[in-house]
Amino acid sequence: MLTVFLAALLVVCTSGHYHDYDWKVMNKTFPEELKNEENEPCDNAKIYSYHIHVLFWQNNEERVISAETLRKNFIENFKEKFNQEKINCTISAGDPARMCSFEVDKDPAGPFTTAQYSFFIPPNRLQETSMWMLQNKGDHDVFIHPNSGCETHDHTKWNTFSGAKWPIDDSVFTCNYPGCKPRDPSVIES
């Protein structure tokens, strides 16, 4: 039974939504006392950053091309505010004061039921980036959520959609307290 539980936990942890970049940034920001407080309520969790997601139909070539163009235009428009050495968030932590871009998920992944990509947005850049995205999204759907460590609240209670509201599979979330950091899926605890 324990083996089945650990195997299931490994699958969930590897398919969660937060990225390594978020945790490196959050760990630099979160007070040490919040990092392991599993009983801490999420009701008033501090928000440390945001993600802006663009969701699109992966089986529609016109939508895929349009989404890729929107991504390129967003990066170009905000290039001075991106970490110039590491525009891709998944490479390493980079500068937490700078924006970065996650890889495109060309198929459903994590809590998303369609293709999507996202950008890491520091709080001081949320207004200008979300305004630009909402004004330039075209036919695409945009999903914006905070990052507090409370994954369920971040994605289902404190989110906002522009365009169609896509379902979010909250069964993949493993962190639901302020400052929560998912366990490293490569480490199996006995």
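Scope of this entry: the structure provided in the associated data block. What you see is a predicted model; the values in this text were computed from it and never measured. (Residues numbered from 1 in each chain as written. Predicted model: local features only at pLDDT ≥ 70, side-chain atom pairs only at ≥ 80, totals over all residues. Heavy atoms only, no water.)

### Comments concerning the sheet that holds strand β4 (residues 141–147)
Thinking step 1. Taking strand neighbours across the sheet as the criterion, the 5 strands line up as β2-β3-β1-β4-β5 in an open arrangement whose pairing is antiparallel. Each edge of the open sheet carries a strand with a single partner, namely β2 (100–101) and β5 (160–162).
Thinking step 2. Two elements, β4 and β5, share 3 bridges in a ladder whose sense is antiparallel. The partner of V142 across the bridge, within β5, is S162.
Thinking step 3. Running at roughly 10 degrees to strand β3 (residues 115–121), helix α3 (residues 61–77) makes contact with β1 (49–56), β2 and β3 of the sheet. (Pairing = 2+ DSSP bridges. Helix = DSSP H or I, 4+ residues; strand = E, 2+ residues; numbered from the N terminus. Contact = heavy atoms within 4.5 Å. Axes fitted to C-alpha atoms, helices over the stretch in contact; angles between N-to-C directions.)

### Quick notes on the environment of E80
Thinking step 1. Relative to the helices and strands, E80 resides in the loop between α3 and β2.
Thinking step 2. Given the relative accessible area of 56%, E80 is considered exposed.
Thinking step 3. Sequence spacing of E80 and M99 is 19 residues, and the spatial spacing of their C-alpha atoms is 9.4 Å. (Buried < 20%, exposed > 50% of the residue type's maximum accessible area, 1.4 Å probe, protein only.)

### A few points about the side chain of T114
Thinking step 1. Tracing the chain through its elements places T114 in the loop between β2 and β3.
Thinking step 2. A polar contact of 2.9 Å, which involves the side chain of T114, links it to the side chain of Q58. (Polar contact = N/O pair within 3.5 Å; in protein donor to acceptor, adjacent residues only side chain to side chain.)

### Looking at α3
Thinking step 1. When the terminal C-alpha atoms of α3 are compared, their 24 Å separation across 17 residues agrees well with the 24 Å that a helix rising 1.5 Å per residue should span.
Thinking step 2. Residues R63, V64, A67, L70, R71, F74 and I75 constitute the buried set of α3. Down the axis of α3, the smallest arc covering the buried residues is 130 degrees, so these residues share one side. Summarising the geometry of α3, the exposed residues directed more than 90 degrees from the buried face are E61, E62 and K72.
Thinking step 3. The inward-facing, buried residues of α3 contact β1, β2, β3 and α4 (126–136).
Thinking step 4. Of the residues that open α3, the one with a side-chain oxygen 3.0 Å from the backbone nitrogen of E62 is N60. (Expected span 1.5 Å × (residues − 1). Arc of directions from axis to C-beta.)

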